[in-house]
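Chain and residue survey
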Amino acid sequence: MATPLNELDPREREALEADVRKRYEELKAKNLQLDLTRGKPSSEQLDFSQDLLALPGKDTYITAGGVDVRNYGGSDGIAEIRELWAEVLGINPDNVIAGDASSLNIMFDLISFAYAFGTNDSPRPWSREETVKWLCPVPGYDRHFAITEQFGFELVPVPMGENGPDMGSVEKLVLDPQVKGIWCVPIYANPTGAVYSRETAERLAAMETGAPDFRVIWDNAYAVHTFTDEFPENPDVLAMAAEAGNPNRFWYMSSTSKITHAGSGVSFFASSKDNLDWYRGIAGIRGIGPNKENQLAHVELLGDAEGVRALMRKHAGSLRPKFDAALRIMEDRLGGLGVASWTEPQGGYFISLDVVPGTATRVWKLAKEAGINLTKAGSAFPHGTDPENRNIRLAPSMPPIEQVEEAMDGVATCVLLAALER
Ligand SMILES: Cc1ncc(COP(=O)(O)O)c(C=O)c1O
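The following paragraphs examine the structure supplied in this document. Keep in mind that this is a model prediction, so the values were computed, not measured.

Thoughts on the overall build of the protein chain
The helix and strand inventory of the protein chain stands at 13 helices and 13 strands. Its C-alpha atoms give the protein chain a radius of gyration of 23 Å, within 12% of the compact-globule value 22 Å for 422 residues. In the protein chain, which comprises 422 residues, the proportion classed as buried is 54%. The long-range fraction of contacts in the protein chain, counting pairs at least 24 apart against all pairs at least 6 apart in sequence, stands at 76%. Entry remark: accessible area of the protein chain is about 18,000 Å², with carbon and sulfur atoms responsible for 48%. Side-chain charges in the protein chain split into 41 positive and 60 negative, and the spacing between the mean points of these groups amounts to 5 Å.

In structure tokens:
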């Protein structure tokens, strides 16, 4: 059993610090160039969908439904991909629109449409509100926070737990009519890996809100991204909200970005009929229809929901060993010392590491100076500021496993050194 650092006597502590400092100098001398910053798929993972580059075949440009994918139009996307994705998510295909490559683009659109014109339930455009407040479960996804920051919203942090955001706080905060929405990543949340419980989903669907146009951005980016043999349950929040009398509450997002090829997949927006009609009314002016060739290519590559799950099992085979290695090294090097805690996700792309409060920036800097690039400390918080300066998001997906191991061993040294300095 390791002795917690704060139980060491001064002499033991000094000896340990000398040892860790030596290790750090050795680390620096290696002139590493390692990167654990962004949750991108590795090239091994991208290879799983290599056939996409030859699809759709040169003679298969008419869909089963008779749509010529080479032409303009079809702004909802082709029926076959909408049906496939509805099956994957367990929702009604009539509520699903298939778009271009990025769900983040649609999220930006939704906020900007609401800002400029108001939603279908808004008394006025959000730009004409004195203030718009937005709930941000923390730690969370930096790009979400950046969108709402861009429009000048006041970002209100809400603590994330194992089953989703602290719903007691959420239910109180949303009574304020200036609070117009909340960011949610319901499955394998970025960065903690938490999976929202059914109860959390039900409470979000049913809660009373001060704003008539309150929206939950339900960004189900990791709906099927398991490392285990089990796939997570994806609750049908659209049906839940309709049953609770709040049919327009959810803007449900998804994409194939980390399933096929990131940045050239298919995005999805699912919502109530009224919400979709509102979106169509503005998106139809923005463009003349999505890339349907790519949608057909995805139908041909994936086949059906079981095809998607088969592909996700390959991803799991590639990702699991990297996550296992990262967790094992943290346990070996930091376990029991009382200097760090970390999440043990069952899927997704991230591990959330909490170090000694006040030292996250120092850990980040020490790592950088040793050639290990980590996502900037604080980036999982609104405006990039972690009030306790303790959280670091680790993304082990992209580098080869040997590099993940080397980087994580280095990170452990930096965490220890920063803790000892303190
Ligand atoms: C929670 C979350 N949503 C959305 C995205 C990006 O999705 P897309 O590629 O569909 O724009 C990411 C990518 O990391 C993500 O982590």
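A short note on the side chain of S49
Along the chain, the position of S49 falls in the loop between α2 (43-47) and α3 (79-89). Sequence-distant contacts of S49, that is, excluding residues within four places in its chain, are made with I259, T260, H261, L301 and L311.

A look at the side chain of N275
Here N275 is to be found in helix α9 (residues 273-286). A distance of 2.8 Å separates a polar atom in the side chain of N275 from a polar atom in the side chain of N120. Once residues lying within four places of it in the same chain are set aside, the contact partners of N275 are N120, R215, N248, F250 and W251.

Structural notes on the site of the ligand
Lining the immediate surroundings of the ligand are S102, S103, L104, Y141, V185, N190, D219, A221, Y222, S255, S257 and K258. In the model, an oxygen atom of the ligand is placed 3.0 Å from a nitrogen or oxygen of the N190 side chain. At 2.5 Å, a side-chain N or O of Y222 approaches an oxygen atom of the ligand. Coverage of the ligand by the protein amounts to 87% of the 400 Å² it exposes when considered alone. Class assignment of the residues belonging to the shell around the ligand gives a composition of 5 nonpolar, 5 polar and 2 charged.

Describing the sheet that holds strand β11 (residues 351-355)
Spatially, 3 strands are ordered β10-β11-β13 in an open sheet, and the strand pairing comes out antiparallel. Looking at strand neighbours, the two that pair on one side only are β10 (340-342) and β13 (391-394), the edges of this open sheet. When strand polarity is set aside, the average angle formed by the axes of neighbouring strands in this sheet is 25 degrees. Across 4 bridges, the pairing between β11 and β13 is antiparallel. Residue pairing across strands places I351 opposite L394, the latter belonging to β13.

Quick word on the sheet that holds strand β6 (residues 179-184)
Spatial ordering of the open sheet is given by β2-β9-β8-β7-β6-β3-β4-β5, a layout of 8 strands whose pairing is mixed. Two strands close off the open sheet at either side, each with one partner strand: β2 (96-98) and β5 (164-165). Across the face of the sheet, helix α7 (residues 198-206) comes into contact with β5, β6, β7 (215-219) and β8 (250-255) while running at roughly 135 degrees to β8.

A closer look at the environment of L319
Tracing the sequence through the fold places L319 in helix α11 (residues 305-334). On the basis of relative accessible area, L319 is assigned to the buried category, the value being 4%. Dropping the residues within four chain positions of it, L319 is found in contact with Q45, F227, G348, Y349 and S397.

Some thoughts on helix α5 (residues 142-150)
If you check which residues of α5 are buried, you get D142, H144, F145, I147 and T148. Following α5 by one or two positions, G152 has its phi on the positive side, about 75 degrees.

Some remarks on the packing of aromatic side chains
Each aromatic ring pair is specified by the distance between its two centres and by the angle formed by the two planes. Scanning the model with the defined rule gives 18 aromatic pairs in all. Pairing W85 with F268 gives two aromatic rings, centres 4.8 Å apart and planes at 0 degrees, and the pair type is stacked. Taken together, the residues W85 in helix α3 and F268 in strand β9 (residues 267-270) connect sequence positions 183 residues apart. Using a relative accessible area of 1% as the deciding quantity, one classes W85 as buried. On the basis of relative accessible area, F268 is assigned to the buried category, the value being 1%.

Points about unusual backbone geometry
With an omega of -10 degrees, the peptide bond between L55 and P56 qualifies as cis. Locating P56 in the fold gives a position in the loop between α2 and α3. Backbone torsion omega between V138 and P139 reads -5 degrees, so that peptide bond is classified as cis. You can see P139 is positioned in the loop between β3 (133-138) and α5. Despite not being glycine, H383 has its phi angle at roughly 60 degrees, a positive value. As for its placement among the helices and strands, H383 is situated in the loop between β12 (372-374) and β13. Judged by relative accessible area, which is 48%, H383 ranks as partly exposed. Look at N389: it is not a glycine, yet its phi comes out positive at around 45 degrees. Relative to the elements of secondary structure, N389 occurs in the loop between β12 and β13.

Cut-offs and rules
- Residues numbered from 1 in each chain as written.
- Predicted model: local features only at pLDDT ≥ 70, side-chain atom pairs only at ≥ 80, totals over all residues.
- Heavy atoms only, no water.
- Helix = DSSP H or I, 4+ residues; strand = E, 2+ residues; numbered from the N terminus.
- Rg over C-alpha atoms; globule rule 2.2 N^0.38 Å.
- Buried < 20%, exposed > 50% of the residue type's maximum accessible area, 1.4 Å probe, protein only.
- Contact = heavy atoms within 4.5 Å.
- Areas by Shrake-Rupley, 256 points an atom, 1.4 Å probe, with all protein chains shown as cover.
- Lys, Arg positive; Asp, Glu negative; His and termini not counted.
- Charge placed at Lys NZ, Arg CZ, Asp CG, Glu CD.
- Polar contact = N/O pair within 3.5 Å; in protein donor to acceptor, adjacent residues only side chain to side chain.
- Near = heavy atom within 4 Å.
- Nonpolar A, V, L, I, M, F, W, Y, C, P; charged D, E, K, R; others polar.
- Pairing = 2+ DSSP bridges.
- Axes fitted to C-alpha atoms, helices over the stretch in contact; angles between N-to-C directions.
- Phe/Tyr/Trp six-rings, centres within 6.5 Å; stacked < 30°, edge-to-face > 60°.

As far as function goes, none of this settles anything; it's purely spatial.
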